[in-house]
Amino acid sequence: MAQLFFRYGAMNSGKTIEIIKVAHNYEEQDKSVVIMTSALDTREKHGMIESRIGLERPAYPITDDTDVFEAVSQLDSKASCILIDEAQFLKKKHVFQLARIVDELNIPVIAFGLKNDFQNHLFEGSENLLLYADKIEEMKTICWFCGKKAIMNLRFHDGKPVYEGEQIQMGGNESYYPVCRKHYYNPPIK
């Protein structure tokens with residue numbers, strides 16, 4: 001029985017490398033997968049996902065106008081699994097389309113993304129995945145400063161923490177640190 005999974009974690013929790021690993025495991029058994037990612041993520045090459053350790057895979061970009069159900073139907077309606085990177089950037093309608101893939105095409109969907117933004121507000125995609133996913137799993141990582149479990153993402157600019165601004169600003173280790181609650185509110189200034 002197919003299910004909709006949401007695997008979330010703070011920055012640096014290994015979400016993209018996990019997608020690449022899961023895809024490899026399916027393909028090693030001669031099973032096809034469809035990898036998709038938000039078109040908003042412009043940090044890497046368009047139509048690619050790339051882990052921090054340098055592994056990359058082609059991915060179908062999801063725009064605001066994409067009907068994910070129709071895209072999967074056209075790409076590979078017999079896929080063994082659909083893998084979604086940067087799921088926090090999905091719209092509510094995309095999450096409903098993922099649920100349709102599970103319910104109507106009987107294909108498991110595993111969506112990976114951040115739960116909360118740098119102000120600790122839920123992203124639209126994450127909020128709806130938390131509501132509609134059959135299974136929710138946390139991917140853990142450690143605080144940039146102390147080694148406790150990181151549960152938040154701290155935005156930095158010019159070496160100083162940022163707590164206000166646009167929700168979406170692309171960036172990696174140069175802009176965001178995974179942090180525990182204590183260091184979110186009181187980061188050591190370098």
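Everything discussed here concerns the structure shown above.
Residues numbered from 1 in each chain as written. Predicted model: local features only at pLDDT ≥ 70, side-chain atom pairs only at ≥ 80, totals over all residues. Heavy atoms only, no water.

J.: Now, about the nonpolar core: what can you tell me, with residues and values included?
T.: Burial of nonpolar side chains together is a common tendency in soluble globular proteins. By size, the foremost hydrophobic cluster in this structure holds 26 residues, and its most contacted members are Leu 4, Met 36, Ile 82, Ile 84, Leu 98, Ile 101 and Val 109. Counting residues per element, this core draws most heavily on helix α3 (residues 92–105), which supplies five residues. Residue contacts for Met 36: discarding those within four places in its chain leaves Ala 59, Tyr 60, Ile 62, Val 68, Ala 71, Val 72, Ile 82, Leu 83, Ile 84 and Asp 85. Ile 20, Val 22, Ile 49 and Cys 81 belong to the second largest nonpolar core, which has 14 residues in total. (Core = buried A, V, L, I, M, F, W, Y, C linked by side-chain atoms within 4.5 Å. Buried < 20%, exposed > 50% of the residue type's maximum accessible area, 1.4 Å probe, protein only. Helix = DSSP H or I, 4+ residues; strand = E, 2+ residues; numbered from the N terminus. Contact = heavy atoms within 4.5 Å.)

J.: Lay out the environment of Ser 73 with the relevant residues and their values.
T.: The residue Ser 73 is located in helix α2 (residues 68–76) in this model. The class of Ser 73 is partly exposed, set by a relative accessible area of 27%. Taking the C-alpha atoms as reference points, Ser 73 and His 24, separated by 49 residues in sequence, lie 22 Å from one another. At a separation of 2.9 Å, a polar atom in the side chain of Ser 73 contacts the main-chain carbonyl oxygen of Phe 69. (Polar contact = N/O pair within 3.5 Å; in protein donor to acceptor, adjacent residues only side chain to side chain.)

J.: Summarise the sheet that holds strand β8 (residues 135–138); cite the residues concerned and give the values.
T.: Read across the sheet, six strands follow the order β5-β2-β6-β7-β1-β8 without closing on themselves; strand pairing throughout is parallel. For this open sheet the edge positions go to β5 (60–62) and β8, each flanked by a neighbour on one side alone. Averaged over all pairs of adjacent strands, the angle between their axes in this sheet comes to 20°, without regard to strand direction. One ladder, built from three bridges, connects strand β2 (residues 33–38) with β5; its direction is parallel. Within β5, the position partnered with Ser 38 by the bridge is Ile 62. Packing against the sheet, α2 makes contact with β2, β5 and β6 (81–85), and its axis sits at approximately 145° to β2. Sheet strands touched by helix α4 (residues 124–132): β1 (4–8), β7 (109–113) and β8. Its angle to β1, the strand with the most contacts, is close to 130°. (Pairing = 2+ DSSP bridges. Axes fitted to C-alpha atoms, helices over the stretch in contact; angles between N-to-C directions.)

J.: For the pattern of salt bridges, give the residues involved together with the corresponding values.
T.: Applying the stated criterion across every chain, the model contains eight salt bridges. Linking Arg 100 and Glu 104 is a salt bridge whose minimum nitrogen-to-oxygen distance equals 3.1 Å. Of this pair, Arg 100 and Glu 104 both sit in helix α3, separated by four residues, roughly a single helical turn. A salt bridge links Lys 140 to Glu 138, with the shortest nitrogen-to-oxygen separation between them at 4.0 Å. In this structure Lys 140 comes out as exposed when scored by relative accessible area, which is 56%. (Salt bridge = Lys/Arg side-chain N within 4 Å of Asp/Glu carboxyl O.)

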